[in-house]
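Commentary on secondary and tertiary structure
Take a look at the letters that make up each chain.
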Amino acid sequence: MIRLFSGNNVIALVILPFLIASYALLNQGFLGFTNDFFELSNTIDLGLWGSVESPPSVWVRIASGAIILLNALGLNFLFNANIFYEKNTYIVSVLYVVLMSFYHSFYQLDGVIIAQSFLILTLFQLFRLENNSDGRATSFNGGFFFGIAASFHPSLIFVFPLLWLMILRIRPFVWREMILALIAISVPLVYGFSYILWKEEQINWNFIETSLNYVQKQLIFLSSMALFVLAALLSLYGLRTRNITSSIRFRKLTSIVLMFLLIGIGLGVIEIIFLKQYEWFSFTTISLALFLPFSFFYKSTQFFARMLFYVIFLFSIFKFFIR
């Protein structure tokens, strides 16, 4: 499986939708072992855009699966387009799918997975920045996508200053670019708050609070977190190996991805402390999917990376059968 996705084999892209569908069917109790391992809610939480009351249906599963597929392909394109590795690879896409299969957003449409889509679009804009080129338009676009992500997942509002740091990793400090990024972030949020007022609803300023309660078996949670910590450490080690011979621009781009990883970890820790849930850790999958491939490209880490991947993949399947 790793060999298939590691190369430039288009067949891998054909397999990806079937892999996503298989996870959805297993969660639904397709083999009869369990029924909705991740229980689907009647409420779809869309952040500032309110909640949609909708009984669990096929379209909810299809919509979330389609977004997962688009996110996986988007991250893979980002990886290849910026020449993170000298050869094209599709391993980023399968890593994202397998890692996301441990989270509720994989199986039901909600603001978390939509926010991830716009964070990936933010990365696309940040990676377009050049040190010696005008960055006003790109900074505005990046801020705008980040603002849309925050409107679907309001806790991201607290980490928007990190967007300035990401821009500064590529560009020198320019007041206009910083102000344009702030204005761009504010636009979707203003529309979101205006929508709440138009619906004559009271604004909940506690952005940490959520209307949904994601339930997960403690054994599954602790085991998956242990595996993800190992994946993160192996990813950083592989990235360190790559940085030895990499360009300055590559190091700047990976530092931006590292900030995204810190955002995901920070949000996950906050959610555990205040809500006793873990769903926000799913934001770390964006960075892990971009970092972990480096562990497969070098002989010193290749064996451990493959073993860890197969352990995570098998566990992602067997978790549906654990009662």
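Refer to the preceding data block for the structure.
1. Side note on the packing of aromatic side chains
One pass over the full model with this rule turns up 29 aromatic pairs. For the pair Tyr107 and Phe320, a centre-to-centre distance of 6.2 Å together with 90° between the ring planes defines the contact as edge-to-face. Placement of the pair is Tyr107 in the loop between helix H4 (91–100) and helix H5 (111–126) and Phe320 in the segment after helix H12 (299–318), with a sequence separation of 213 residues. Since its relative accessible area comes to 2%, Tyr107 is described here as buried. With a centroid separation of 6.1 Å and 10° between ring planes, the pair formed by Phe309 and Phe313 is classed as stacked. One end of the pair, Phe309, and the other, Phe313, are both in helix H12, four residues apart, so they sit about a helical turn from each other.

2. As for the packing of H5 against helix H11 (residues 284–291)
Between two packed helices, both the angle of their axes relative to each other and the distance between the axes serve to describe the pair. The geometry of H5 relative to H11 is characterised by a closest axis approach of 10 Å and an angle of 50° between their N-to-C directions. On the basis of their axis angle, the class for H5 and H11 is oblique. Contact with H5, carried on its side by Gln116, Leu119, Ile120 and Leu123, involves Thr285, Ile286 and Leu290 of H11 and no other residues of that element. Broken down by class, the residue content of the contact of H5 with H11 amounts to five nonpolar, two polar and no charged.

3. Regarding the pattern of salt bridges
In total, this model carries three salt bridges according to the counting rule given. Arg136 is the partner of Asp134 in a salt bridge, and the nearest nitrogen-oxygen pair spans 2.8 Å.

4. What about the environment of Leu290?
Mapped onto the elements of the fold, Leu290 is located in helix H11. When the C-alpha atoms of Leu290 and Leu168 are compared, they prove to be 21 Å apart, with 122 residues separating the residues in sequence. Residues in contact with Leu290, not counting those within four places in the same chain, are Leu75, Leu78, Phe79, Val92, Leu123 and Val257.

5. Overview of the environment of Phe296
For Phe296, the position within the fold is in the loop between H11 and H12. Linking Phe296 and Arg3, residues 293 residues apart in sequence, is a C-alpha distance of 9.9 Å. Beyond its immediate stretch of four places on either side in the chain, Phe296 contacts Ile2, Ile91, Leu95, Gln302, Ala305, Arg306 and Phe309.

6. Looking at helix H2 (residues 11–27)
Between its first and last C-alpha atoms H2 spans 25 Å; for 17 residues at 1.5 Å apiece the expected length is 24 Å, and the two agree. Looking at the buried side of H2, the elements it contacts are helix H1 (2–6), helix H3 (58–81), H4 and H12. Just downstream of H2 lies Gly29, where phi reads positive at about 85°.

7. Digging into unusual backbone geometry
Notably, Ile83 is not glycine yet its phi reads approximately 50°, a positive angle. Tracing the sequence through the fold places Ile83 in the loop between H3 and H4. On the basis of relative accessible area, Ile83 is assigned to the exposed category, the value being 57%.

8. Digging into the side chain of Gln108
Counting through the fold element by element, Gln108 comes out in the loop between H4 and H5. Residue Gln108 is classed as buried on the basis of its relative accessible area of 2%. Excluding residues that lie within four positions of it along the chain, Gln108 makes contacts with Glu39, Leu40, Ser41, Thr43, Ile44, Val60 and Ser64.

9. Points about a nonpolar patch on the surface
There is a patch of nonpolar side chains on the surface, built from Leu236, Leu258, Leu262, Ile265, Val269, Ile270, Ile273 and Phe274 and spanning about 680 Å² of accessible area. At seven residues, helix H10 (residues 248–275) tops the list of elements feeding residues into the nonpolar patch. Positionally, Ile265 belongs in helix H10.

About the cut-offs
- Residues numbered from 1 in each chain as written.
- Predicted model: local features only at pLDDT ≥ 70, side-chain atom pairs only at ≥ 80, totals over all residues.
- Heavy atoms only, no water.
- Phe/Tyr/Trp six-rings, centres within 6.5 Å; stacked < 30°, edge-to-face > 60°.
- Helix = DSSP H or I, 4+ residues; strand = E, 2+ residues; numbered from the N terminus.
- Buried < 20%, exposed > 50% of the residue type's maximum accessible area, 1.4 Å probe, protein only.
- Axes fitted to C-alpha atoms, helices over the stretch in contact; angles between N-to-C directions.
- Parallel < 35°, antiparallel > 145°, perpendicular 65-115°, else oblique.
- Contact = heavy atoms within 4.5 Å.
- Nonpolar A, V, L, I, M, F, W, Y, C, P; charged D, E, K, R; others polar.
- Salt bridge = Lys/Arg side-chain N within 4 Å of Asp/Glu carboxyl O.
- Expected span 1.5 Å × (residues − 1).
- Patch = residues over 30% accessible without salt bridge, like charges linked within 9 Å, V, L, I, M, F, W, Y side chains within 5 Å.
- Areas by Shrake-Rupley, 256 points an atom, 1.4 Å probe, with all protein chains shown as cover.

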